[in-house]
Structure formats: structure tokens, C-alpha cells
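# Architecture and fold: a report
Okay, here's what each chain looks like letter by letter:
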There are 2 protein chains.
Amino acid sequence: MKSLDQSLDHLTAVRNVIRPTTLIRSPRLDELVGAQVLIASETFQYTGSFKFRAAYSAALRSPASRLIAASSGNFGQGLAYAASLLNKEAIIVMPHNSAAVKIDAVRRFGGKVELVETLKVSRAQRVSELASQYPDAQVISAYDHDDVIAGNSTLGEELAERAGEYDAVIVPVGGGGLTAGLICGLMRAGSPMEVYGAEPLLANDAKRSLDAGKIIVNDGEPQTIADGARTVSLGQRNWAILQSGIKAILEVSEDAIEDAVRSLFRLANLKSEPTGGLAFGAAVAYKDKFKDKRIICVVSGGNVDTELFCRIIGRE
Amino acid sequence: MKSLDQSLDHLTAVRNVIRPTTLIRSPRLDELVGAQVLIASETFQYTGSFKFRAAYSAALRSPASRLIAASSGNFGQGLAYAASLLNKEAIIVMPHNSAAVKIDAVRRFGGKVELVETLKVSRAQRVSELASQYPDAQVISAYDHDDVIAGNSTLGEELAERAGEYDAVIVPVGGGGLTAGLICGLMRAGSPMEVYGAEPLLANDAKRSLDAGKIIVNDGEPQTIADGARTVSLGQRNWAILQSGIKAILEVSEDAIEDAVRSLFRLANLKSEPTGGLAFGAAVAYKDKFKDKRIICVVSGGNVDTELFCRIIGRE
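Residues numbered from 1 in each chain as written. Chains lettered and ligands numbered in written order. Predicted model: local features only at pLDDT ≥ 70, side-chain atom pairs only at ≥ 80, totals over all residues. Heavy atoms only, no water.

## Some thoughts on the interface of chain A and chain B
At the interface, 30 residues of chain A touch 30 residues of chain B. In this assembly, chain A packs against chain B so that about 2,500 Å² is buried in total across both faces, 58% of it on carbon and sulfur atoms. Close ionic contact of Glu31(A) with Arg108(B) constitutes a salt bridge, the shortest N to O distance being 2.9 Å. There are 12 residue pairs in polar contact (both at pLDDT 80 or more) connecting chain A and chain B. Secondary-structure elements contributing two or more residues to the side of chain A that touches chain B are β1 (22-25), α2 (27-33), α5 (100-108), α11 (254-268) and α14 (306-314) of chain A. It is α14(A) that provides the largest number of residues to the side of chain A that touches chain B, a total of five residues. (Contact = heavy atoms within 4.5 Å. Buried area = accessible area lost by both parts, 1.4 Å probe. Salt bridge = Lys/Arg side-chain N within 4 Å of Asp/Glu carboxyl O. Polar contact = N/O pair within 3.5 Å; in protein donor to acceptor, adjacent residues only side chain to side chain. Helix = DSSP H or I, 4+ residues; strand = E, 2+ residues; numbered from the N terminus.)

## Description of the sheet that holds strand β4 (residues 89-95) of chain A
Residues and elements named next belong to chain A. Taken together, the four strands give an open sheet; going across it, the order is β5-β4-β3-β6, and neighbouring strands pair in parallel fashion. Only two strands of the sheet have a single neighbouring strand rather than two, namely β5 (112-116) and β6 (138-139). Of the strand pairs in this sheet, strand β3 (residues 66-70) and β4 are connected by five bridges, and their pairing is parallel. In the sheet register, Ala70 faces β4, and the bridge partner there is Val93. (Pairing = 2+ DSSP bridges.)

## Let's talk about the domain arrangement of chain A
A common way to express how large an interface is: the accessible area buried when the components associate. All names here are of chain A. Here chain A is partitioned into domain 1 (2-49 + 145-314) and domain 2 (51-139). The straight-line distance from the C-alpha centre of domain 1 to that of domain 2 is 24 Å. Tallying the contact residues gives 28 residues for domain 1 and 20 residues for domain 2. Counting the surface lost from both domain 1 and domain 2, the interface buries some 1,900 Å², and carbon and sulfur atoms represent 53% of this. The residue Arg61 makes a salt bridge to Asp147 at a minimum N-O spacing of 3.1 Å. Run the count over domain 1 and domain 2 and you get 12 residue pairs in polar contact (both at pLDDT 80 or more). Contributions of two or more residues to the side of domain 1 that touches domain 2 are made by α1 (2-17) and α7 (146-160). When residues in the side of domain 1 that touches domain 2 are grouped by element, the largest group, eight residues, is from α7. (Domains from an automatic or database assignment.)

## Digging into the side chain of Arg19(B)
Positionally, Arg19(B) belongs in the loop between α1 (2-17) and β1 (22-25). Although Arg19(B) is buried, it forms no salt bridge, and the closest oppositely charged side chain is Glu42(B) at an N-O distance of 6.7 Å. Residues contacting Arg19(B), with those up to four places away along its chain left out, are Thr22(A), Leu23(A), Ile24(A), Phe44(B), Gln45(B), Tyr46(B), Arg53(B) and Glu158(B). (Buried < 20%, exposed > 50% of the residue type's maximum accessible area, 1.4 Å probe, protein only. Lys, Arg positive; Asp, Glu negative; His and termini not counted.)

## Side note on unusual backbone geometry
Most peptide bonds take the trans configuration, and most residues that are not glycine carry a negative phi. The residue Asp292(A) is not glycine, and still its phi comes out positive at about 65 degrees. Tracing the sequence through the fold places Asp292(A) in the loop between α13 (287-290) and β10 (294-299). Even without being a glycine, Asn87(B) presents a positive backbone phi close to 55 degrees. Along the chain, Asn87(B) turns up in the loop between α4 (74-85) and β4 (89-95).

## Observations regarding the environment of Met187(B)
Residue and element names in this part refer to chain B. Structurally, Met187 can be placed in helix α8 (residues 177-188). The class for Met187 is exposed, based on a relative accessible area of 61%. The spacing of Met187 and Glu157 is 30 residues in sequence and 8.6 Å in space, taken between C-alpha atoms.

## Here's the deal with the state of the cysteines
Enumeration over the complete set of coordinates arrives at one disulfide over all chains. Residue Cys310(A) pairs covalently with Cys310(B) via a disulfide, S to S 2.4 Å. On the sign convention where negative is left-handed, the bridge of Cys310(A) and Cys310(B), at about -100 degrees about the S-S bond, is left-handed. Taken as a pair, Cys310(A) in helix α14 and Cys310(B) in helix α14 (residues 306-314) lie in two separate chains rather than in one. When sorted by exposure, Cys310(A) lands in the same class as Cys310(B), which is buried. (Disulfide = S-S within 2.5 Å.)

## Regarding the relation of the copies chain A and chain B
Overlaying chain A with chain B gives an RMSD of 0.0 Å, the required rotation being 180 degrees about an axis along which the chain moves by 0.0 Å. These values place the two chain copies in the arrangement generated by a two-fold rotation axis. The fraction of interface residues of chain A whose copies in chain B are also interface residues reaches 100%, indicating that both copies meet through the same surface. (Least-squares fit on C-alpha atoms with pLDDT ≥ 70 in both.)

## With respect to the packing of aromatic side chains
Under the definition given, this model contains 17 aromatic pairs over all chains. Between Tyr46(A) and Tyr81(A) the ring centres are 6.4 Å apart and the planes differ by 55 degrees, which places this aromatic pair in the tilted class. One end of the pair, Tyr46(A), is in the loop between β2 (36-41) and α3 (51-61); the other, Tyr81(A), is in helix α4 (residues 74-85), and 35 residues separate them in sequence. Here Tyr81(A) falls in the buried class, since its relative accessible area comes to 16%. Geometry around Phe109(A) places Arg28(B) over its ring, the cationic atom sitting 5.9 Å from the centre. If you follow Lys271(B) out to its NZ or CZ, it ends over the ring of Phe265(A), 3.9 Å from the centre. (Phe/Tyr/Trp six-rings, centres within 6.5 Å; stacked < 30°, edge-to-face > 60°. Lys NZ or Arg CZ within 6 Å of the ring centre and 35° of its normal.)

## Side note on α11(A)
Since the α-helix turns once every 3.6 residues, residues separated by three or four places project in the same direction. All names here are of chain A. For α11, spanning 15 residues, the distance from its first C-alpha to its last is 21 Å, which sits close to the expected 21 Å at 1.5 Å a residue. Among the residues of α11, Ala256, Ile257, Glu258, Ala260, Val261, Arg262, Ser263, Leu264, Phe265 and Ala268 are the ones counted as buried. In the segment just after α11, Asn269 is the residue with positive phi, at about 55 degrees. (Expected span 1.5 Å × (residues − 1).)

Structure, rendered in C-alpha cells:
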């Protein structure tokens with residue numbers, strides 16, 4: 001019981017720091033799906049995506065005062081800010097050709113950036129070099145890690161409070177950390193809501209894994225516009241949870257992802273990154289399935305380059 | 001006392017329908033101002049701006065089942081949706097050259113659109129024609145109306161709940177309806193927070209009015225990018241409240257308005273219309289005044305054309 005208590009104390013400590021998700025209802029989104037839609041937006045989470053939940057949880061639990069992670073995206077920003085709040089140091093390994101705005105964001109949040117020329121040295125290799133250089137440091141995985149799942153489970157707890165009003169939750173799937181966390185949080189709160197994963201058709205390894213009953217690995221990094229879902233496979237821990245806890249995986253075409261980002265912008269004033277548009281895109285693409293249902297769509301993050309964003313929302 | 005009770009019942013009825021404002025903290029916005037900044041965003045209010053508070057309040061209180069208003073912008077959408085929730089009819093008079101997306105939005109929210117060729121017939125003239133045609137209808141002013149101020153005062157009540165943590169509120173000023181409502185709501189809740197108005201330098205009639213001690217009228221409609229502040233003067237009712245309740249009016253240049261929209265987008269993932277950027281623009285422009293203070297910036301709405309928005313956020 002002591003470990004359960006400690007675990008609950010940990011979750012309470014995380015919930016005291018993270019920002020509760022932003023719940024948005026828009027009559028015009030309902031009209032588009034033909035269902036009652038609640039948007040659960042993580043775009044205003046500190047550092048702009050749900051990853052801060054995971055990063056803060058992992059940084060808080062780690063006994064190390066120096067944390068290392070490979071991330072060119074949202075996890076790097078989340079861990080940098082989490083570490084700075086906890087007076088720890090975060091070293092984020094990023095490809096040398098990452099967008100300047102992303103490198104700048106990690107630094108602004110207090111992180112130390114290690115650029116690697118990924119054609120010469122892999123990110124994993126550089127991470128392990130740094131781990132040898134700093135034996136007191138801990139390497140944190142962005143998605144396949146119990147503390148990461150625990151951090152993300154706080155979103156499930158929050159949504160469980162709406163369980164009486166909603167039938168299902170749709171959530172973007174990349175490495176599966178958010179989905180696994182969401183399932184755990186809903187279960188812990190005793191919520192009966194169904195969980196659907198939304199995955200790019202171009203990166204449908206989770207769908208194929210569920211069909212095959214084992215983890216299927218993509219051939220290389222899939223070139224979907226949803227860069228948060230460009231993972232080569234589900235994490236092991238996440239897979240175990242998804243297998244038993246997910247209702248189905250819904251595949252979303254690239255066009256449907258862009259349409260979702262555009263609809264969220266035009267009809268609900270929401271800035272979403274492409275990965276963040278996956279769940280609403282799935283709701284529209286599978287509208288027959290959700291007709292007259294009450295569904296929650298998770299918008300996982302809002303960090304997107306201005307140029308790409310304007311290209312998407314400017315299309316007719 | 002009966003009338004006070006009725007008035008409180010009315011405000012409770014409004015608060016039961018409108019969406020509470022969205023409170024956003026962003027470490028990177030704090031850094032830009034050198035102060036603790038809380039964004040109070042009305043961009044997710046139903047119909048995308050604070051105007052729904054005003055419109056619902058006016059539509060609820062009106063005994064008429066048919067409502068008429070002249071509005072090319074946010075009030076039209078707000079009144080159309082408010083009327084549809086109350087099973088009333090809303091007729092919105094709009095210039096025939098209004099953006100198609102705005103005409104479409106009013107219709108989607110259930111409003112009936114009356115287009116006028118404003119070079120031939122003024123909007124006021126068409127409104128009065130319609131009023132004669134429908135003697136049972138009530139004409140609703142978008143900003144100089146007690147029920148409009150009452151509706152907007154609900155935002156003041158919400159912010160008063162944060163009064164212990166914040167020193168001042170900055171709010172966009174156009175016709176003054178939002179500012180007047182905010183002042184009334186804060187006073188009713190006994191909040192000591194100071195209220196600053198943020199006004200485009202190009203449309204600074206409120207500033208000049210306060211300096212002169214009487215309402216000053218702009219020569220024609222000012223061509224500021226903040227289209228919600230293109231009013232020719234403060235409303236009479238609003239003026240009386242502003243005179244005693246406002247700390248100061250802060251003038252914001254066109255560049256500073258655009259910079260604010262861009263910063264809200266890039267650093268806080270928030271889609272704001274130009275008028276919505278006024279308060280944060282004022283916080284940055286007057287950062288010496290607010291150094292190390294704790295301030296709330298109201299983002300009044302998020303309805304902006306895609307093309308204009310991308311031109312603003314794409315500038316370096």
C-alpha cells in the first residue's frame with residue numbers, strides 16, 4: 001500500500017503544477033460531425049503540448065539533478081521547463097538541422113541544447129555519449145517510460161470528471177504514451193468511456209499492430225505531416241496497455257488531418273499543430289460511427305511553424 | 001429590492017449559459033513584459049468573442065420575439081446565436097460588401113441577414129425601416145445598452161475571483177461596452193483591481209474624451225487594423241461609467257497591435273483578432289509601468305480572416 005500511496009502522492013504533485021486541459025464547445029464543430037463534440041485542448045498546457053505532463057512527472061520522480069533526452073519537438077520543451085521548475089538541468093539532444101524556432105524554444109525554457117549532425121552520429125549514440133560523460137544524469141524516454149505514462153494519466157483523470165456526459169474519447173497515437181496514460185487515468189477514476197486512437201494512415205503501425213496482435217515496426221520514419229506521430233513503433237509499455245484498453249484505431253488521411261487543423265482554426269479559433277488535429281480529423285472521417293454520440297476529441301498540442309500553419313489554413 | 005433581485009437573477013441566468021473566460025499563463029509572455037501576465041481569452045466564448053455575453057443578456061431580457069441589430073462583426077454572430085437559443089428571430093443588418101465568411105457565420109448561427117448597399121442606404125436607415133416593418137421587434141444596440149453592459153459585467157465578476165492575485169486588468173476599448181461592463185462587474189464583486197483601457201492610437205477618441213472631460217467624436221470611422229475599435233465615439237452610458245471607473249487609457253500603435261497578435265500566436269498558441277491583441281500590446285508598450293506587477297490582459301475575440309491573420313503572423 002505504501003507504494004500505491006506514494007504513487008497517488010506523486011500524481012497529486014503533478015496535478016498541482018500542470019495546467020488543467022482547456023475544454024471547448026463549438027456549435028459549428030458539432031454541425032460538422034453531426035455529434036456533440038467537446039475539444040480537450042492541450043495547446044495551452046505550459047510549453048504548448050501535453051508533453052509537459054509527462055516531462056514534469058518524469059523530472060519530479062527522477063533522483064538525478066541532470067536529465068538527458070533526445071527530442072526535436074515538444075518533449076524537449078516540456079523537459080527543459082520541468083527541469084527549470086525543479087532546479088535541475090536538462091540536456092536536450094536535437095538534430096543540427098532542427099528549426100531555429102524549436103531550438104530557441106528549448107533554450108528559452110531553460111534547457112541546454114546539444115546539436116548532433118545526425119548523418120554522422122545518431123541521436124541515440126550522442127545520448128549515450130552524454131550519459132557516459134555525466135554518470136549522475138538520467139536519460140528519459142519521451143514516451144516509453146512509467147513516469148511518462150503516469151504524467152499523461154492526469155489527463156485521463158480530468159476527462160473522467162466529464163464521463164457522465166460523454167460516450168467516447170478520441171486521442172492522437174504516435175508512440176502511444178498519451179493513449180496509454182489516458183486509458184490508465186480513466187480506469188483509475190472508474191470511467192466507462194471508450195477510447196479510440198487516431199493515427200495517420202501514412203504511419204498506421206498501431207492499427208497494424210492491433211490487427212496482428214504484436215508490435216509492428218514502420219520501415220523508417222513515416223513522412224506524415226503529423227510530426228508527433230512519426231514514431232517507428234509503439235513503446236513496449238504502451239503496447240501492453242493499448243492492447244487491452246483501446247476500442248479501435250482510426251486511420252486519418254493527410255488531407256483529413258489538414259482539414260481538421262483548418263476547421264479548428266476557422267470554426268473554433270483554435271491553433272493546433274497537425275498532430276493535434278488527428279482526433280478531430282478522425283471524428284469527421286468516421287462521422288457515421290459517431291452520429292448523435294457525445295465525444296471528446298483531444299488536441300494534443302499547438303506548436304507549429306508559422307509558414308506550415310499558414311499553408312494549411314490558407315487552402316480552400 | 002425586487003428590481004435588484006431580478007437583476008441578480010438575470011446575471012445568474014446569463015452566467016449559466018455563457019462560457020467562462022479561458023485563463024492562460026505563459027512563461028514566455030511574462031518574459032516579454034517583465035511582469036506576471038494572465039491572459040483572459042474570450043476567443044472560445046460561443047461565437048468567438050465576448051459579444052455573446054452582451055447579446056445573450058440583451059436577447060434574454062427583451063420581451064420581443066424578433067430582434068434587429070446592425071453589425072458587420074462579432075455582435076451579429078452573438079445575437080444570432082443568442083436568439084436561436086431563446087427561440088427568437090434575429091435580423092442582422094450588414095453592408096453588402098461584408099466578407100462572405102462573416103455573412104456565412106451569422107447565417108450558420110441561425111440569424112437572418114439583411115444586406116444593405118451602404119452607399120445608397122445607411123445601416124441605421126435600414127434598421128429603422130425594418131423596425132417599422134416589424135412593429136413587434138426590438139432594435140438592440142451593440143454597445144450602448146444597459147443589458148449589454150450587464151452581460152459584459154459577467155466577465156468582471158469572473159476576473160474578480162482572481163483579484164487577490166492580480167493588480168490590474170487591461171481591456172480593449174472601442175465603444176466602451178466591454179470596459180463599462182468590466183468595471184461594473186468588478187465593483188459589484190468588491191474587487192480593488194485597477195482597470196486600464198487599451199485603444200488604438202489611430203482611434204484614440206476615448207483617450208481624448210477622458211482628457212477633455214467630455215465625449216469626443218472621431219472624424220469618420222478610424223482606419224485602424226483593430227476593426228472592433230473603429231467606433232466613432234464612446235456610448236453615453238459607457239462614458240459615464242468609464243469616467244469614474246477607469247485608471248487610464250493606453251494608446252497602442254498599429255505595429256504594436258500586430259506584434260501582440262504575433263506574440264500571442266507564437267508564444268502562447270492563441271489565435272486573436274487584431275482588436276483582441278490591444279490589451280497585450282498595451283502591456284508590452286507600457287512595460288515600464290507594469291514592471292514586476294501582476295496584470296490580466298483581456299483578449300476580446302478571435303474572429304479574423306485567414307488572409308489577414310497570416311499576413312500579420314508571417315511578418316518577421
